[in-house]
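Structural overview
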Amino acid sequence: MEIISNYPLKDLNTFGISAYAKEFVQVTTIAGLAETLRENTGKKLFILGGGSNMLLTRDIDALVIQIGLKGKEVVWEDEEHVHIKSMAGENWHEFVLYCIDKGYGGIENLSLIPGNVGTTPIQNIGAYGIEIKDIFVSCEAMEIATQQVRTFTKEECEFAYRESIFKGPLKNRYIITSVTFRLTKVHHKINTSYGDIAAELAKQGITVPTIKDVSNAVTAIRQSKLPDPKELGNSGSFFKNPVITAEEFEKAYLQHPQMPHYTVSDTMVKVPAGWLIEQSGFKGKRFGDAGVHAKQALVIVNYGNATGQELLELSKKIQETVFKNFGINIEAEVNII
Ligand code: EPU
């Protein structure tokens, strides 16, 4: 494994921010990963997947290890279900398309999400009514300190909305090396509960959708609302949708009775951050090369040469204005480095 000094990261983060790694190495085997960790004990490390969920506000003064582990295999199946294991470095959307092509269902609503398979459990990615936790069986992860690989069950991952144990107590302690998913071979549970999907299928005149139809519909919706990182730097939703107490919600709702909201539990309510940001006047606004996407206010974009600091400042301005207007805190979903 060749370690390269002063390595440019512009093409390795979907925001397209120009920053450098003090050192960089790509690993393609488990043995290579273990060896790299062993030989660089004591060094500051930074683990990089698809670079689709981070905002680089500075150079990385560490050894950046990019996880390039590839491969996928069926590890168990019966008549109705299949457990398919994918190595962490596989591109997520290519994996989704591979599964759909094989006729495996349950993953189609998660089409076109940027990033790699290995990072999907970290923030329990979700879209259009499905989260990773709904199809997750287990993942394997290497402990950085010992290079031991262990298996985490779904329960052990402590999944919640855009959260898992890997973002919490185990942050920076493990590297996910593979993930195993449980998908259906027959009797697919087509989930078109999300209004946008139903509308897109109706538009296409499809009444009995296949998993491929749902994947195509999700892809069309995402393409219409979310910018393609290859054309316009971005990291998907920049903020999480705030989940607030019923009392907090009542207070804000009295002032703003048009506020969309979803009941999460008896005591908690989720409010779409995109709405709060749009109502605060930021949708489609541009400040130099940093901006808010015109079709989805939850997405911050880099028009070319914005620095991480400029994008961070814009995000703070949005947070402050939303708080001033609604008394609601919105938290970043992306990792700010
Ligand atoms: N809205 C606005 N203005 C906007 C955007 C949204 O008013 O500019 C309001 C509308 O009321 C709309 C509602 O927000 O009905 C929901 O919007 P949308 O369906 O676009 O979903 P979202 O809540 O903004 C979440 C995820 C997305 C995911 C979509 C679809 C989070 C942080 N984001 O966005 O995930 O694709 O649902 O399921 O939960 C991502 O995480 O990177 C991501 C793109």
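Residues numbered from 1 in each chain as written. Predicted model: local features only at pLDDT ≥ 70, side-chain atom pairs only at ≥ 80, totals over all residues. Heavy atoms only, no water.

1. Overview of helix α1 (residues 30–39)
Residues of α1 that are buried: G32, L33, A34, T36 and L37. As for α1, its buried residues are in contact with β2 (20–27), β3 (45–48), β5 (60–67), β10 (136–143) and β12 (174–184). (Buried < 20%, exposed > 50% of the residue type's maximum accessible area, 1.4 Å probe, protein only. Helix = DSSP H or I, 4+ residues; strand = E, 2+ residues; numbered from the N terminus. Contact = heavy atoms within 4.5 Å.)

2. Some remarks on the environment of E155
Looking at where E155 falls in the secondary structure, it is placed in helix α3 (residues 154–157). In this structure, the C-alpha to C-alpha distance between E155 and T321, residues 166 residues apart in sequence, is 38 Å.

3. Some remarks on the sheet that holds strand β17 (residues 286–287)
If you walk across this open sheet you meet the 4 strands as β13-β19-β18-β17, and the pairing is antiparallel. Each end of this open sheet is capped by a strand with a single partner; those strands are β13 (233–237) and β17. Bridging between β13 and strand β19 (residues 299–302) involves 3 bridges; their strand directions are antiparallel. Bridging from a neighbouring strand, G233 pairs with N302 of β19. (Pairing = 2+ DSSP bridges.)

4. Some remarks on the side chain of E131
Of note, E131 is situated in strand β9 (residues 130–131). With residues near it in sequence (within four places) discarded, E131 still touches L110, N124, I125, G126 and Y161.

5. Section: the packing of aromatic side chains
As enumerated under the stated definition, the model contains 13 aromatic pairs in all. For the pair F95 and F181, a centre-to-centre distance of 5.5 Å together with 40° between the ring planes defines the contact as tilted. You can see F95 sitting in helix α2 (residues 92–102) and its partner F181 sitting in strand β12, a full 86 residues away along the chain. Geometrically, the ring pair formed by F152 and Y174 is edge-to-face, given 5.1 Å between the ring centres and 90° between the ring planes. Taken together, the positions of F152 in strand β11 (residues 149–153) and Y174 in strand β12 put the pair 22 residues apart, joining distant regions of the chain. For F152, a relative accessible area of 1% gives the class buried. Ring pairs connect the aromatic residues F15, F238 and F239, which therefore count as one cluster. One Lys or Arg, K270, reaches over the ring of Y161 and ends 3.6 Å from the middle of that ring. Stacked on the ring of F287, the Lys or Arg K317 has its end atom at 4.2 Å from the ring centre. (Phe/Tyr/Trp six-rings, centres within 6.5 Å; stacked < 30°, edge-to-face > 60°. Lys NZ or Arg CZ within 6 Å of the ring centre and 35° of its normal.)

6. Digging into the domain arrangement of the protein chain
Structurally, the protein chain comprises domain 1 (4–67), domain 2 (72–225) and domain 3 (233–336). Domain 2 and domain 3 are separated by 25 Å when their C-alpha centres are compared. Of the roughly 710 Å² buried where domain 2 meets domain 3, counting both sides, 38% is carbon and sulfur surface. For domain 2, the biggest contributors to the area lost against domain 3 are Y161, R162 and K225; these three give 62% of the whole. Taken together, the connections running from domain 2 to domain 3 amount to 2 salt bridges. For E163, the salt bridge identified is with K240, shortest N-O distance 2.7 Å. Summed over the shared surface of domain 2 and domain 3, the number is 4 residue pairs in polar contact (both at pLDDT 80 or more). Split into classes, the residues belonging to the side of domain 2 that touches domain 3 amount to 1 nonpolar, 2 polar and 4 charged. (Domains from an automatic or database assignment. Buried area = accessible area lost by both parts, 1.4 Å probe. Salt bridge = Lys/Arg side-chain N within 4 Å of Asp/Glu carboxyl O. Polar contact = N/O pair within 3.5 Å; in protein donor to acceptor, adjacent residues only side chain to side chain. Nonpolar A, V, L, I, M, F, W, Y, C, P; charged D, E, K, R; others polar.)

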